[in-house]
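Descriptive analysis of the structure
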Amino acid sequence: SINHHIKKIAKKETLRRGVDVRIEHSFFDNLPFKDNFFDMVVDREATYAQCLNDIKKSWRELNRVTKRGGVIIAFLFADDSPDLLNIKNGKLKAKKIENNTYTDIEEGTFKNTGIVHFFSYNEILELFSFLNIKFINKHKCEPILNNCENKYYYSEWIVVGTKK
């Protein structure tokens, strides 16, 4: 399977670098780890690819496996992303699933990516209520020079905190 192949490549690369790691493949809603297992969790735009209730379930599970005082770093697409604004003003076609959640986005950054949820600031505060939030940053990708037809324009929240 492709997951076995990816795990094999990852294991080979980590051993080449002198790092011995345990590589697991699982879904966020049912992680194969004990409670309070991890010192750190990093979500680099993975949990956004669901409807909001499923995202909340994923973060409850990620909270479960993170130690008290453990660090959480999360990157989540923001509700001022240019593609979302273009969807809302009719310039870009997509299928609405729920508020700020779309699929079948026809062009741009999120074409062929499946479900995309764009987070409001208040959703971020609610989602990460289990954290002592250290900071929330806003990062926007707006290329200045584009000679390669790159159409990746987005806005994201970067949330850093420690588990209460």
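Everything in this summary refers to the structure shown in the same document. (Residues numbered from 1 in each chain as written. Predicted model: local features only at pLDDT ≥ 70, side-chain atom pairs only at ≥ 80, totals over all residues. Heavy atoms only, no water.)

1. Looking at the sheet that holds strand 6 (residues 131-141)
Strand order in the open sheet formed by four strands is 1-2-7-6, with mixed pairing between adjacent strands. Strands with a single pairing partner mark the edges of an open sheet, and in this sheet they are strand 1 (38-44) and strand 6. Mean inter-strand twist for the sheet, computed between neighbouring axes without regard to direction, equals 10°. The pairing of strand 2 (residues 66-77) with strand 7 (residues 154-163) spans seven bridges and is classified as antiparallel. Considered in strand 7, the bridge of Ile73 is made with Val160. Against the sheet, helix 2 (residues 52-65) makes contact with strand 1, strand 2 and strand 7, and its axis sits at roughly 150° relative to strand 2, the strand it touches most. (Pairing = 2+ DSSP bridges. Helix = DSSP H or I, 4+ residues; strand = E, 2+ residues; numbered from the N terminus. Axes fitted to C-alpha atoms, helices over the stretch in contact; angles between N-to-C directions. Contact = heavy atoms within 4.5 Å.)

2. Looking at the packing of aromatic side chains
In total, this model carries eleven aromatic pairs according to the counting rule given. Consider the rings of Phe110 and Phe118, whose centres lie 5.1 Å apart with planes at 85°: the pair is edge-to-face. The burial state of Phe110 is the same as that of Phe118; both residues are buried. Members of the aromatic cluster, each reached through a chain of ring pairs, are Tyr48, Phe77, Phe110, Phe118 and Tyr154. Positioned above the aromatic ring of Phe75, the side-chain terminus of Arg44 is 4.0 Å from the ring centre. Here the basic side chain of Lys138 rests over the ring of Trp157, its NZ or CZ set 4.2 Å away from the ring centre. (Phe/Tyr/Trp six-rings, centres within 6.5 Å; stacked < 30°, edge-to-face > 60°. Buried < 20%, exposed > 50% of the residue type's maximum accessible area, 1.4 Å probe, protein only. Lys NZ or Arg CZ within 6 Å of the ring centre and 35° of its normal.)

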